[in-house]
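Tertiary structure, described
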Amino acid sequence: MVSPTLSFIYTVATFSLLGATSAASVHIETVNKRFADTWYHSDDHPAYSLFRRQEQTDGVTYPDVGSDEWSSAFPPASPDTDDLPQVWVDALNAAVSAGTIPDIPPSTMGGNGNPVYPDGLSPTSSEVCSATYQCRISGEIWDAPDGVFGAGFDDGPLPTSTKLYNFLHENNVHATHFMIGVNILENPDVFTHAFETNGDDIAVHTWTHPYMTTKTNLEVVGELGWTMQLIHNSTGGRLPRYWRPPYGDSDTRVSAIAREVFGLTTIVWNHDTDDWSLTTGGTTSSKVHSQLSKWLSGPKSPGLIILEHELSDMSVQAFIDAYPLIGQNNWDFVSVAEASGVGAWQNVNSDGSVNRVPSPVLGANASANGATSSAKKTGVAAVSVTSGVLSSMTATNSAATGDVTGTSAGSGNGSSQSASATGSGVPKLKDTQTGGARRLLAMPAWPTSILSALAVVGAAVFA
Ligand SMILES: [Zn+2]
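The protein is annotated in an unreviewed UniProt entry as chitin deacetylase from Ceriporiopsis subvermispora. Its UniProt record, at the heading Cofactor (unreviewed entry), says of the protein: "Co(2+)". UniProt, in the comment section headed Subcellular location (unreviewed entry), describes the protein in these words: "Cell membrane".

Observations regarding the overall build of the protein
Within the protein, the regular secondary structure consists of 14 helices and ten strands. Sorting the 463 residues of the protein into buried and exposed places 58% on the buried side. Of the contacts formed within the protein by residues at least 6 apart in sequence, a portion of 85% connects residues at least 24 apart.

Focus on unusual backbone geometry
Look at the link from glycine 156 to proline 157: it is a cis peptide, with omega at -5 degrees. Mapped onto the secondary structure, proline 157 falls in the loop between β3 (148-154) and α5 (161-170). Backbone geometry at histidine 209 places phi at a positive 65 degrees, although glycine is not the residue there. Among the residues examined, histidine 209 registers 25 C-beta atoms within 10 Å and is labelled buried. Here aspartate 274, not a glycine, exhibits a phi torsion of approximately 60 degrees, which is positive. Here aspartate 274 is to be found in the loop between β8 (271-272) and α10 (285-296). Since 19 C-beta atoms lie within 10 Å of it, aspartate 274 is described here as partly exposed.

Quick notes on the packing of α5 against helix α11 (residues 313-328)
Relative orientation of the contacting elements α5 and α11 amounts to 20 degrees, with a least axis distance of 9 Å. With respect to their mutual orientation, α5 and α11 come out roughly parallel. Judged by the twist between their axes, the crossing of α5 over α11 is left-handed. Along its contact with α5, which presents Lys163, Leu164 and Phe167, the element α11 presents Asp313, Val316, Phe319 and Ile320.

So, helix α9 (residues 252-262)
Three- or four-residue spacings in an α-helix give side chains the same orientation, since the helix completes a turn every 3.6 residues. In terms of residue burial, α9 counts as a mostly covered element, since eleven of its eleven residues are buried. Where α9 is concerned, the buried positions are Thr252, Arg253, Val254, Ser255, Ala256, Ile257, Ala258, Arg259, Glu260, Val261 and Phe262.

Here's the deal with the environment of glutamine 317
Looking at the element boundaries, glutamine 317 is found in helix α11. In this structure the C-alpha to C-alpha distance between glutamine 317 and lysine 163, which are 154 residues apart in sequence, comes to 8.7 Å.

Looking at α10
For α10, built from twelve residues, the straight-helix expectation of 16 Å at 1.5 Å per residue is met to within 8% by its first-to-last C-alpha distance of 16 Å. Where α10 is concerned, the buried positions are Val288, Leu292 and Leu296. Each buried residue of α10 lies within a common arc of 60 degrees when the element is viewed along its axis, so the set occupies one face. For α10, the exposed residues set more than 90 degrees away from the buried face come down to Ser286 and Lys294.

Some details on the pairing of strand β10 (residues 332-335)
Burial along β10 is two-sided: Asp332 and Val334 facing one way and Phe333 and Ser335 facing the other are all buried. Strand direction decides the pairing type here: β3 and β10, joined by four bridges, are parallel. Opposite valine 148, over in β10, you have aspartate 332 as the bridge partner.

Focus: the packing of helix α8 (residues 217-234) against α9
Close contact between α8 and α9 brings their axes to 10 Å; oriented N to C, the two are set at 50 degrees. On the basis of their axis angle, the class for α8 and α9 is oblique. Where α8 crosses over α9, the two elements pack in a sense that is right-handed. Between α8, through Asn217, Val220, Val221, Leu224, Gly225 and Met228, and α9, the contact on the second element is made entirely by Val254, Ile257, Ala258, Val261 and Phe262. Its residues placed into classes, the contact of α8 with α9 shows nine nonpolar, two polar and no charged.

A closer look at the environment of leucine 121
Checked against the element boundaries, leucine 121 lands in the loop between β2 (115-116) and β3. Sequence separation of leucine 121 and isoleucine 104 is 17 residues, and the distance between their C-alpha atoms is 8.7 Å. Ignoring sequence-local partners within four residues, the contact set of leucine 121 consists of Ile104, Glu127 and Val128.

Thoughts on the pairing of strand β5 (residues 201-204)
Side chains Asp201 and Ala203 of β5 all project onto a buried face; the interleaved residues Ile202 and Val204 project onto the opposite face, where all are buried too. Note: strand β4 (residues 176-179) against β5, four bridges, orientation parallel. Bridging across to β5, histidine 177 finds its partner in isoleucine 202.

Let's talk about the environment of glycine 147
Position of glycine 147 relative to the elements: it lies in the loop between β2 and β3. Taking the C-alpha atoms as reference points, glycine 147 and aspartate 332, separated by 185 residues in sequence, lie 6.3 Å from one another. Ignoring any residue separated from it by four or fewer positions in sequence, one finds glycine 147 in contact with Lys300, Gly303, Trp331 and Asp332.

What counts and how
- By convention here, each chain's residues receive numbers from 1 onward along its written sequence.
- The predicted origin of the model limits local features to residues at a pLDDT of at least 70 and limits the giving and counting of side-chain atom pairs to 80 or more, whereas totals for whole chains, interfaces and linings rest on all residues.
- UniProt positions are given in the numbering used here, feature names are shortened, and annotations may be inferred rather than shown by experiment.
- Secondary structure elements are taken from DSSP: a helix is a run of H or I of four residues or more, a strand is a run of E of two residues or more, and numbering for both begins at the N terminus.
- Working definition of burial: number of other C-beta atoms within 10 Å of the residue's own, with buried at 20 or more, exposed at 12 or fewer, and partly exposed in between, all C-beta atoms being placed from the backbone.
- C-beta atoms are first placed from the backbone for all residues, and any pair lying within 7 Å is then listed as a contact.
- Simply put, an axis is a line fit to the C-alpha atoms, just over the touching stretch for a helix, and the angle between two N-to-C directions goes from 0 to 180 degrees.
- Here the angle decides the label: under 35 degrees means roughly parallel, over 145 means roughly antiparallel, 65 to 115 means roughly perpendicular, and every other value means oblique.
- Two helices crossing with the near one rotated counterclockwise from the far one by less than a right angle form a left-handed crossing, whereas a clockwise rotation gives a right-handed crossing.
- An expected span of 1.5 Å times one less than the residue number is assigned to each helix.
- By construction, the arc corresponds to the directions joining the helix axis to the C-beta atoms.
- Any two strands between which DSSP finds at least two bridges are classified as paired.
- Think of it as three bins: nonpolar holds Ala, Val, Leu, Ile, Met, Phe, Trp, Tyr, Cys and Pro, charged holds Asp, Glu, Lys and Arg, and polar takes everything else, Gly as well.

As structure tokens, this is what we get:
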């Protein structure tokens, strides 16, 4: 969004092609996926402030963030899968029928924080490719471009976030905040601080922070969908482009649902300080600082994506203490979403304008306008798309760039997924994982289903 138009289009087209390829074959590999070494602007580039946030919205008037009207439509805890917007369920079913959602069962979480799969399924097999076991799925992002420090923080917004936001603002730098839905509901002022005051990027960190691979397909849809919906309603209609799985727990099935149903690309990380455990004695401030010092003074290739949290005063302070080392070692400090070259949002143009997402796309509670009210009553999408939600979202983007053509492959076996997930729990917040290999994982680009939908929807929707 800060790029020259041509670069933006080029990048979008490239990502789309990658997405079509990976989605069609669910290709798995162990080679790191990195951001394209295209361009990006550092935060001090004039274009950044010129086009960054401004006041643009999609033209819809949404309830004030923090108001009762704003929060009332959202689940207070784990989403009820019997009460999901039908358009989300339809999008999931369409993706399953198209064969783009791997038919593997949910995991159960072992005591060491590592997922276990039934039926002898190996978590490191190409079929499962568990990120906890360091298996990387093509299209997921684990590394930043060379020389770039991709800044991101998990688990906000929380009261402890304020100190971090003030620090970032004072230093005139931006970060991506992977936020938890219920935390946004409970800390609306902190959310506003990040998005409006700081102009930072917001990404999805699920609704209640569960181990996502333990969830059924519908539960995964609820965790991602409600978070996207709330961020959309709270940012003038923007749709986040990125998500990060709590505990880095994802696999081919979860990753595919995020991609195919919601157009989300996973950002993981390539270094982990375990700063989430500072308050529980899992690590110490001196150890975290030592690790950060080592990485920041190390090789510039690949660039750094370090897992950091705005979860406690101690984790925030750990970042602040290491911050001078970033500049001293000549890293370019960039929001990790911005480092991708295509920006943090699916429907924001290079000039900062926001394309309106067809109201039914985000379901019954998408917005406060009439069109949505209508959708709420009927539960039927007004837009003819083959796979719902994301199709329309991406159609918005394609209309904006005038690019992106594609055909759907999506041959599949139409398998449907049965699953039995383990309990839910709703911690609002922490990565209290217990040791283990857990770590990253990550993600895709633009779904085959979306591309196919473009042919159906086309520019007509946005004419
Ligand atoms: Zn987290």
